[in-house]
Amino acid sequence: MLSRTANNLYWLSRYMERAENFARILEVADRMSMMPGSGSEAVHSEWWSTLMTSGCAQAFEEAGLRVEGPMVTEFLARNPENPSSIYSSIRQARENGRAVRTSLTMEMWECLNDTWLSFDQRWTDARRYNELRSFLDWVKERSTVFRGGLYGTMLRDDAFDFARLGTYVERADNTARILDVKYHVLLPEGEQVGGGVDYYQWTSLLRAFSALGSYHYLYRENPKPWKIAELMILRREMPRSLIGCYQQVVAHLDRLAEAYGARHECHRIAGQLYSQLQFADANDIFQSGLHEFLSDFIVRNNRLGNEIARNYLFVG
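Residues numbered from 1 in each chain as written. Predicted model: local features only at pLDDT ≥ 70, side-chain atom pairs only at ≥ 80, totals over all residues. Heavy atoms only, no water.

### Thoughts on the overall build of the chain
To be explicit about the condition: Helical segments are the DSSP runs of H or I of at least four residues, strand segments are the runs of E of at least two, and each set is numbered from the N terminus. Taken over C-alpha atoms, the radius of gyration is set against a globule rule of 2.2 Å times the number of residues to the power 0.38. Three exposure classes are used, based on accessible area relative to the maximum for each residue type with a 1.4 Å probe and protein chains only: buried under 20%, partly exposed in between, and exposed over 50%.
A count of helices and strands for the chain gives 15 helices and zero strands. Against the 2.2 N^0.38 benchmark of 20 Å for 316 residues, the chain shows a C-alpha radius of gyration of 19 Å, consistent with a compact globule. The principal-axis extent of the C-alpha atoms belonging to the chain is close to 60 × 50 × 40 Å. Residue burial in the chain is summarised as follows: out of 316 residues, 54% are buried.

Put into structure tokens, the structure is as follows:
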């Protein structure tokens, strides 16, 4: 496969996953801001943490905007000047898809095209009728439809592997960022661990991962911060957990190594990270520092993305 085609497929999937992830991040922020009894300082902190989680805090500050719900929502959802906004991600996903139209199935292309053509009307309706949640649900639904088309209709060849790699590298980054930022800001100072506010906030975080039902099934108790972290880092049953993502990353990289007859630095980095997650213990992670663990993971995951690009996707 041409490097340019592989690059387009990889980033197409990353952008669609990023659009869904931003929708999930905004949903958590919206739920928190609507919580009864939230003071202005708590709401400000939640919207600021949303910018930090998305990696857009610096760009937001440089734009000279105020940290308040409508401005943060607009910046992360619709602002065309923000290259990571939901709008920009869907636009770039469609552009990448159009560049490799012959490598996509009809279902994948129709999903991409329909999502882009419907975006402005969906956003306008959401603002007009104050229905942000319905817009975010629509974004998540469109991403799910795209993944369903990819998984259900695409040949299991190298094109499939590059597309799936993009999904899981992006998803792992998002999971780590949400945990790293939200873990330290969700519980306001003075609130009792296990109290009503605590329960509502951690439940909202689980909803962001689509993991609330899974948490109750596996742990059979109210959400506890340390068990949520364990679930989203070390439980391979969870498709959005770090180990779940890297199980898939390693599998698709192994398929590419077999197809091309060579292994590269990206294979070593992915294997090393996956092994660390396989043999990690939740207690050890917390003793050494959850923030340090997640920060290191984010750096190494970004390095993996760079090595995948260097080894397979370089376009001269």
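### So, the nonpolar core
Nonpolar side chains in soluble globular proteins tend to be buried together. Operational definition: Among buried residues, those of type Ala, Val, Leu, Ile, Met, Phe, Trp, Tyr and Cys that are joined through side-chain atoms within 4.5 Å constitute a nonpolar core. Residue contacts follow a heavy-atom distance rule, with two residues in contact if any of their heavy atoms lie within 4.5 Å.
Ile-233, Tyr-246, Val-249, Leu-253, Leu-277, Leu-304 and Ile-308 are the most contacted members of the largest nonpolar core, which has 52 residues in total. Residues within four places of Leu-277 in sequence aside, it is in contact with Ile-233, Leu-234, Leu-242, Ile-243, Tyr-246, Phe-293 and Phe-297.

### Thoughts on the packing of helix α1 (residues 3-33) against helix α7 (residues 132-153)
Note the following rule: Structural elements are reduced to axes, namely lines fitted to C-alpha atoms, with helices fitted over the stretch in contact, and the angle between N-to-C directions of any two is expressed from 0 to 180 degrees. Here the angle decides the label: under 35 degrees means roughly parallel, over 145 means roughly antiparallel, 65 to 115 means roughly perpendicular, and every other value means oblique. By definition, turning the near helix anticlockwise from the far helix through less than a right angle yields a left-handed crossing, and turning it clockwise yields a right-handed one.
The N-to-C vectors of α1 and α7 enclose an angle of 150 degrees; their axes lie 9 Å apart at closest approach. Classed by the angle they form, the pair α1 and α7 counts as roughly antiparallel. For the pair α1 and α7, the sense of crossing is left-handed. Contacts between α1 and α7 involve Leu-12, Ser-13, Met-16, Glu-17, Ala-19, Glu-20, Ala-23, Arg-24, Leu-26, Glu-27, Asp-30 and Arg-31 from the former and Leu-132, Arg-133, Leu-136, Val-139, Lys-140, Arg-142, Ser-143, Phe-146, Arg-147 and Leu-150 from the latter.

### Some words on the pattern of salt bridges
For side chains bearing opposite charge, pairing can occur when the charged atoms are close. Keep this limit in mind: One side-chain nitrogen of Lys or Arg within 4 Å of one carboxyl oxygen of Asp or Glu is enough to make a salt bridge.
Taken as a whole, this structure holds 26 salt bridges when the rule is applied. Close ionic contact of Arg-255 with Asp-161 constitutes a salt bridge, the shortest N to O distance being 2.6 Å. Of this pair, Arg-255 sits in helix α12 (residues 242-260) while Asp-161 sits in helix α8 (residues 158-185), placing them 94 residues apart in sequence. Arg-255 gets classed as partly exposed once you look at its relative accessible area, which sits at 33%. Its relative accessible area of 2% is what places Asp-161 among the buried residues. Among the ionic pairs, Lys-227 bridges to Glu-221, the shortest N-O distance being 2.3 Å. Owing to a relative accessible area of 24%, Lys-227 belongs among the partly exposed residues under this scheme. Residue Glu-221 is classed as partly exposed on the basis of its relative accessible area of 26%. Bridged by salt links that share partners, the residues Glu-17, Glu-20, Arg-24, Arg-147, Arg-171 and Arg-240 form one connected network.

### Some details on the packing of aromatic side chains
Aromatic rings considered in pairs are described by the distance between their centres and by the relative angle of their planes. This is how the line gets drawn: Under the pairing criterion, centres of Phe, Tyr and Trp rings, with the six-membered ring standing for Trp, must be within 6.5 Å; the plane angle then separates stacked pairs below 30 degrees from edge-to-face pairs above 60, leaving the rest tilted. Whether a charge sits over a ring comes down to the Lys NZ or Arg CZ being within 6 Å of the ring centre and within 35 degrees of the ring normal.
Tallied over the full model, the rule gives 14 aromatic pairs. Between the aromatic rings of Tyr-87 and Phe-119, the centroid separation amounts to 5.5 Å while the plane-to-plane angle is 65 degrees, which identifies the pairing as edge-to-face. Residue Tyr-87 is located in helix α5 (residues 86-99), and its partner Phe-119 is located in helix α6 (residues 106-128); the two are separated by 32 residues in the primary sequence. You can call Tyr-87 buried: its relative accessible area is 12%. Among the aromatic residues, ring-to-ring pairing joins Tyr-87, Trp-116, Phe-119, Trp-123, Phe-135 and Trp-138 into one connected group. The positively charged end of Arg-78 is found above the aromatic ring belonging to Tyr-87, 3.9 Å away from the centroid. Taking NZ or CZ as reference, Arg-220 lies 5.3 Å from the ring centre of Tyr-217, over its face.

### Side note on α12
This is how the line gets drawn: Here the expected length of a helix is defined as 1.5 Å per residue gap, with one fewer gap than residues.
Helix length check: α12, at 19 residues, gives a terminal C-alpha distance of 27 Å against a target of 27 Å (1.5 Å per residue), a fit within 8%. Inspection of α12 places Leu-242, Ile-243, Gly-244, Cys-245, Tyr-246, Val-249, Val-250, His-252, Leu-253, Leu-256 and Ala-257 among the buried residues, and these make up the whole buried set. Backbone geometry just after α12 places Gly-261 at a positive phi near 70 degrees.

### A few points about unusual backbone geometry
A negative phi angle is the norm for most residues apart from glycine, just as the trans form is the norm for most peptide bonds. Of note in this structure, Ser-210 is not a glycine but carries a positive phi near 55 degrees. Along the chain, Ser-210 turns up in the loop between α9 (196-208) and α10 (212-219). Positive phi values are uncommon outside glycine, yet Arg-220 reaches one of about 55 degrees.

### Let's talk about the state of the cysteines
The cut-off we apply is this: The definition used for a disulfide is geometric: two cysteine sulfur atoms within 2.5 Å.
This structure, assessed with the given rule, holds zero disulfides. Cysteine Cys-56 remains unbridged, with the sulfur of Cys-245 as its closest cysteine sulfur at 20 Å. The exposure class assigned to Cys-56 is buried, which follows from its relative accessible area of 3%. We note that Cys-245 lacks a disulfide partner, and the nearest cysteine sulfur, in Cys-266, lies 17 Å from it. A relative accessible area of 0% places Cys-245 in the buried class.

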